[in-house]
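Close look at the chain arrangement
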Amino acid sequence: MTSRKDEVAQVLSQKMDSVMKVFSPPTPEQEMVEKATSELLISSDWGLNMEICDRIQNHPDGPSNTMKAIRKRLANKNPKVVLLALTLLEACVKNCSMRFHVCVGTREVMEQIVRLSQLNKQSELAVKDKALELIQDWGEGFKGQRHQLPVFYEIYRLMREQNIRFPQVEATAPIFTPPPKIPDDNLTREQLEAISNHHQPHEYAPAPRAREHHQQHHPQRQLKTDKLRKDLELIKTNTEILSDILASCDPTKEDIRRNDLAVELVEGSRAMQPRVLSLVGEIQDGELVEELLLLNDGINRVLADFDTLAAGAKPTP
């Protein structure tokens with residue numbers, strides 16, 4: 001039974017949402033998600049669902065904005081809206097890259113889906129079955145990526161240990177569609193480079209004419225420089241993924257030290273930072289030195305944010 005306190009909190013929350021809408025216009029992703037999960041739809045609009053997937057892949061804020069919008073629809077009181085939102089989420093996981101998987105594979109998102117799997121009203125059984133299906137599919141599908149995305153498998157394993165009955169689902173399409181020619185059992189450099197596409201991975205590349213001239217006169221040096229740029233891009237990608245994880249962490253609800261992916265990225269950043277600093281004194285290319293200094297600043301920032309979260313505080317923006 002809902003208490004008076006809960007009712008007041010709900011009313012205040014609704015009023016706050018209204019105020020926020022006035023000052024913060026909805027994002028394109030929010031508008032698309034609301035349209036794709038409208039209670040007026042007879043069934044899923046697959047054309048719109050695929051447009052949302054494209055938006056996730058091709059816009060810097062696509063993954064986070066879309067996930068926020070879907071979570072809001074998952075909290076809707078209309079079971080039809082929630083079922084459409086789960087179906088949309090399933091499509092996005094299947095058709096989008098690791099950038100979106102990281103947004104979905106958080107404890108907050110998965111616990112919200114777990115709560116949907118516990119519904120018992122007759123009108124909510126379809127939602128319950130779909131939530132269980134997704135937990136099972138993702139638990140099995142991301143089993144090989146437990147080091148990068150541990151929450152999917154962890155929650156699935158715990159529910160199985162509790163003898164939760166999952167629906168029988170025929171194995172048809174893969175759980176997610178990996179980028180072509182990239183193995184999905186481990187997170188390779190190519191995968192990480194694909195993850196960073198939305199961060200403009202070529203923003204530091206020299207101009208075509210300058211690169212062509214340099215290659216003609218110093219082919220061996222250019223090969224080393226190109227390899228170094230790729231290595232720096234990998235470190236930069238790790239730093240950006242870690243930054244996204246840390247930004248979404250609430251230290252009052254989650255111990256960041258128990259996030260395996262975050263810890264792994266922090267360890268990698270700490271290990272690579274001395275090499276980054278040593279290269280600053282070795283390289284003559286001024287543009288490359290500037291990249292190294294910017295990268296070092298980014299590493300310092302995420303390491304400081306991780307330490308702050310580990311101490312139970314929220315980092316300063």
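It should be noted that the structure appears before, not after, this text.
So, here's what we can say about the structure. Just so it is clear, the structure is predicted and the values come from calculations on it, not from any experiment. (Residues numbered from 1 in each chain as written. Predicted model: local features only at pLDDT ≥ 70, side-chain atom pairs only at ≥ 80, totals over all residues. Heavy atoms only, no water.)

The subject of this paragraph is the overall build of the chain. Scanning the chain for helices and strands turns up 14 helices and zero strands. Sequence-ordered secondary structure for the chain, helices as α and strands as β, is α-α-α-α-α-α-α-α-α-α-α-α-α-α. Put simply, the chain has 317 residues, and 41% of those count as buried. Of the roughly 18600 Å² of accessible surface on the chain, 53% is carried by carbon and sulfur atoms. (Helix = DSSP H or I, 4+ residues; strand = E, 2+ residues; numbered from the N terminus. Buried < 20%, exposed > 50% of the residue type's maximum accessible area, 1.4 Å probe, protein only. Areas by Shrake-Rupley, 256 points an atom, 1.4 Å probe, with all protein chains shown as cover.)

Our focus in this paragraph is the pattern of salt bridges. As enumerated under the stated definition, the model contains 11 salt bridges in all. Of the charged contacts in the structure, one is a salt bridge between Lys-236 and Glu-240, with a shortest N-O distance of 3.0 Å. Taken as a pair, Lys-236 and Glu-240 lie in helix H12 (residues 219-247) at a separation of four residues, close to a single helical turn. Under the relative-accessibility criterion, Glu-240 is labelled buried at 17%. The partner of Asp-307 in a salt bridge is Arg-270, with the nearest N and O atoms 3.0 Å apart. Note that Asp-307 is positioned in helix H14 (residues 286-310) and Arg-270 in helix H13 (residues 260-282), a separation of 37 residues in sequence. By relative accessible area, which is 40% here, Arg-270 ends up partly exposed. In this structure, a network of salt bridges that share partners links the residues Glu-90, Lys-94, Lys-130 and Glu-133. (Salt bridge = Lys/Arg side-chain N within 4 Å of Asp/Glu carboxyl O.)

To continue, consider the environment of Leu-125. One can find Leu-125 in helix H8 (residues 125-141). Looking at Leu-125, the relative accessible area reads 29%, which means it is partly exposed. Through-space distance from the C-alpha of Leu-125 to that of Pro-79 is 8.9 Å; in sequence the pair is 46 residues apart.

What characterises a pair of aromatic rings is the spacing of the ring centres plus the angle enclosed by the ring planes. Applying the stated criterion across every chain, the model contains three aromatic pairs. Relative to Phe-152, the ring of Trp-138 has its centre 5.6 Å away and its plane inclined at 70°; by these criteria the two rings are edge-to-face. Of this pair, Trp-138 sits in helix H8 while Phe-152 is found in helix H9 (residues 150-161), placing the two residues 14 residues apart along the sequence. The exposure class of Trp-138 is buried, given its relative accessible area of 1%. Taken together, a centroid distance of 4.5 Å and an interplanar angle of 15° make the contact between Phe-142 and Phe-152 stacked. Here Phe-142 is found in the loop between H8 and H9, whereas its partner Phe-152 is found in helix H9, with 10 residues between them in sequence. (Phe/Tyr/Trp six-rings, centres within 6.5 Å; stacked < 30°, edge-to-face > 60°.)

With that settled, the discussion passes to unusual backbone geometry. With a phi close to 60°, Asn-163 is a non-glycine residue in the positive phi region. Take Asn-163: it is sitting in the loop between H9 and helix H10 (189-195). Taking relative accessible area as the criterion, Asn-163 reaches 69% and is therefore assigned exposed.

In this section: helix H4 (residues 62-74). Between its terminal C-alpha atoms H4 stretches 18 Å, which fits the 18 Å expected from 13 residues at 1.5 Å a residue. Within H4, the full set of buried residues consists of Gly-62, Pro-63, Asn-65, Thr-66, Met-67, Ala-69, Ile-70, Arg-73 and Leu-74. If you follow the buried residues of H4, they end up packed against helix H2 (28-36), helix H3 (46-58), helix H5 (79-95), helix H6 (98-104) and helix H7 (107-116). (Expected span 1.5 Å × (residues − 1). Contact = heavy atoms within 4.5 Å.)

Turning next to the nonpolar core. Grouped together as the largest cluster of nonpolar side chains are 68 residues, with contacts concentrated most on Ile-52, Leu-89, Phe-100, Val-104, Ile-135 and Trp-138. The element that contributes the greatest number of residues to this core is H14, accounting for nine residues. Each residue touching Leu-89, except ones within four places of it in the same chain, is listed here: Met-67, Ile-70, Phe-100, Val-104, Ile-113 and Trp-138. (Core = buried A, V, L, I, M, F, W, Y, C linked by side-chain atoms within 4.5 Å.)

Where H8 contacts H9, the two axes come as close as 8 Å, and the packing angle between them is 120°. With respect to each other, H8 and H9 are oriented oblique. Note that H8 runs across H9; the crossing there is left-handed. Of the residues in H9, those in contact with Leu-132, Ile-135, Gln-136, Trp-138, Gly-139 and Glu-140 of H8 are Phe-152, Tyr-153, Ile-155, Tyr-156, Met-159 and Arg-160. When grouped by side-chain class, the residues that make up the contact of H8 with H9 number eight nonpolar, two polar and two charged. (Axes fitted to C-alpha atoms, helices over the stretch in contact; angles between N-to-C directions. Parallel < 35°, antiparallel > 145°, perpendicular 65-115°, else oblique. Left-handed = near helix turned anticlockwise from the far one by under 90°. Nonpolar A, V, L, I, M, F, W, Y, C, P; charged D, E, K, R; others polar.)

In this section: the packing of H4 against H7. At a minimum axis separation of 11 Å, H4 and H7 run at an interaxial angle of 25°. The angle between the axes of H4 and H7 places the two elements in the roughly parallel class. Relative to H7, H4 is oriented so that their crossing is left-handed. Of H7, the residues touching H4 (which contributes Met-67, Arg-71 and Leu-74) are Glu-108, Val-109, Gln-112 and Leu-116. Here the contact of H4 with H7 is composed, by residue class, of four nonpolar, one polar and two charged.

Within the secondary structure, Glu-154 is located in helix H9. Given the relative accessible area of 26%, Glu-154 is considered partly exposed. Counting along the chain gives 15 residues from Glu-154 to Gly-139, while the straight-line C-alpha distance between them is 7.6 Å.

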